[in-house]
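An overview of the molecular structure
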Amino acid sequence: MPATRLSKPERVFQYVNLAVITFFCITVLYPFLHVLSVSLSTPSEAIRPGIHLYPKEFTFAAYEQALQTKGIWMGYYNTIFRTVVGTLLSLIVMTMGAYALSKKYLPHRGFYTMFIVITMFFSGGLIPTFLLIRGLGLYDSLWALIIPGLINTFYMLIMRNFFLGLPQELEDSAKMDGAHDFQILFRIVLPISKPILATISLWLAVHHWNEWFQGLIYIQDQSKLVLQIYLRRLIVESSDLETKQLMDQASEQEVVAESVKAAVLMIATLPILVVYPFIQKYFVKGALIGSVKG
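Along the polypeptide, Tyr230 turns up in helix 12 (residues 227-237). In this structure, the C-alpha to C-alpha distance between Tyr230 and Met74, residues 156 residues apart in sequence, is 9.4 Å.

Structure, rendered in structure tokens:
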């Protein structure tokens, strides 16, 4: 069949749309390329003002210096633990909650849904939450960064809407064969829910990887600091003893502070970027299907 010829307004719309998307991509990619270029540049090139799109004088000295600090590896361990455990536990809790709320025969289903939705708009506040965390014995523990945020109301409602769109006949036939609710959920529903599970997993993982404010409030033990707190001390505060030692060692080895900071930023950013291509094929499908039916 011959290709459909677009009208002039449709072509104009496509050109404008392409221009806007291109501009948006440039604004997103440039900061990343700039930091990457500075991290791989020699001191004279790193401190050069202007646009840095690629390193004109190539060196790995900043990465070698950054990876010698204990804070990086300590932060990596704590952040990976928080991301993996927090994402897994949140998925388990929200999946079971969303599946239950998707069943029309659940008693008082409307009340439970409204009660959960209210938490999207109202919270206890920072001080009551801090007192609660301390009262539960979670203060200065990595669990204080995981347990309070196990349920994200918005994500759980998206999962609920996805489950509402699944064919009811699948569950009815399974019940006729003697399957109970947990068997239906884990053997039938979840295997066909990979798009929404992958999408929510990505959102949760990115949140746990980038979140720093809770660690700033609830963690005092230096051995339990997450990577983002270390980055904050390095880039914003520059007051930590280890940070000062890192900068002093960098100057002795002919590496400027800007290069070391850029290298640490890249080290903290690349792992979460590597995860995305593996679940990208599910991302768009899961986000769209989960928002169609309410």
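From this point, the discussion proceeds with the structure in view.
Inspection of the entire model under this criterion finds two salt bridges. With its nearest N and O atoms 3.3 Å apart, the salt bridge here joins Arg82 to Glu211. Of this pair, Arg82 sits in helix 4 (residues 70-101) while Glu211 sits in the loop between helix 10 (194-210) and helix 11 (213-218), and the two are 129 residues apart along the sequence. Judged by relative accessible area, Arg82 falls into the buried class, the value being 1%. For Lys103, the salt bridge goes to Glu171, with nearest N and O atoms at 2.8 Å.

Where helix 7 (residues 153-164) contacts helix 10, the two axes come as close as 11 Å, and the packing angle between them is 175 degrees. With respect to helix 10, the element helix 7 is oriented roughly antiparallel. Note on element contacts: helix 10 touches helix 7 through Ile196, Leu197, Ile200, Trp203 and Leu204, opposite Tyr155, Ile158, Met159 and Phe162. In terms of residue class, the contact of helix 7 with helix 10 is made up of nine nonpolar, no polar and no charged.

This paragraph deals with the side chain of Gln228. Positionally, Gln228 belongs in helix 12. Engagement of the side chain of Gln228 in a polar contact is seen with the backbone oxygen of Trp209, the distance being 2.9 Å. Apart from residues lying up to four places away in sequence, Gln228 is in contact with Trp209, Asn210, Glu211 and Trp212.

Conventions we followed
- Residues numbered from 1 in each chain as written.
- Predicted model: local features only at pLDDT ≥ 70, side-chain atom pairs only at ≥ 80, totals over all residues.
- Heavy atoms only, no water.
- Helix = DSSP H or I, 4+ residues; strand = E, 2+ residues; numbered from the N terminus.
- Salt bridge = Lys/Arg side-chain N within 4 Å of Asp/Glu carboxyl O.
- Buried < 20%, exposed > 50% of the residue type's maximum accessible area, 1.4 Å probe, protein only.
- Axes fitted to C-alpha atoms, helices over the stretch in contact; angles between N-to-C directions.
- Parallel < 35°, antiparallel > 145°, perpendicular 65-115°, else oblique.
- Contact = heavy atoms within 4.5 Å.
- Nonpolar A, V, L, I, M, F, W, Y, C, P; charged D, E, K, R; others polar.
- Polar contact = N/O pair within 3.5 Å; in protein donor to acceptor, adjacent residues only side chain to side chain.

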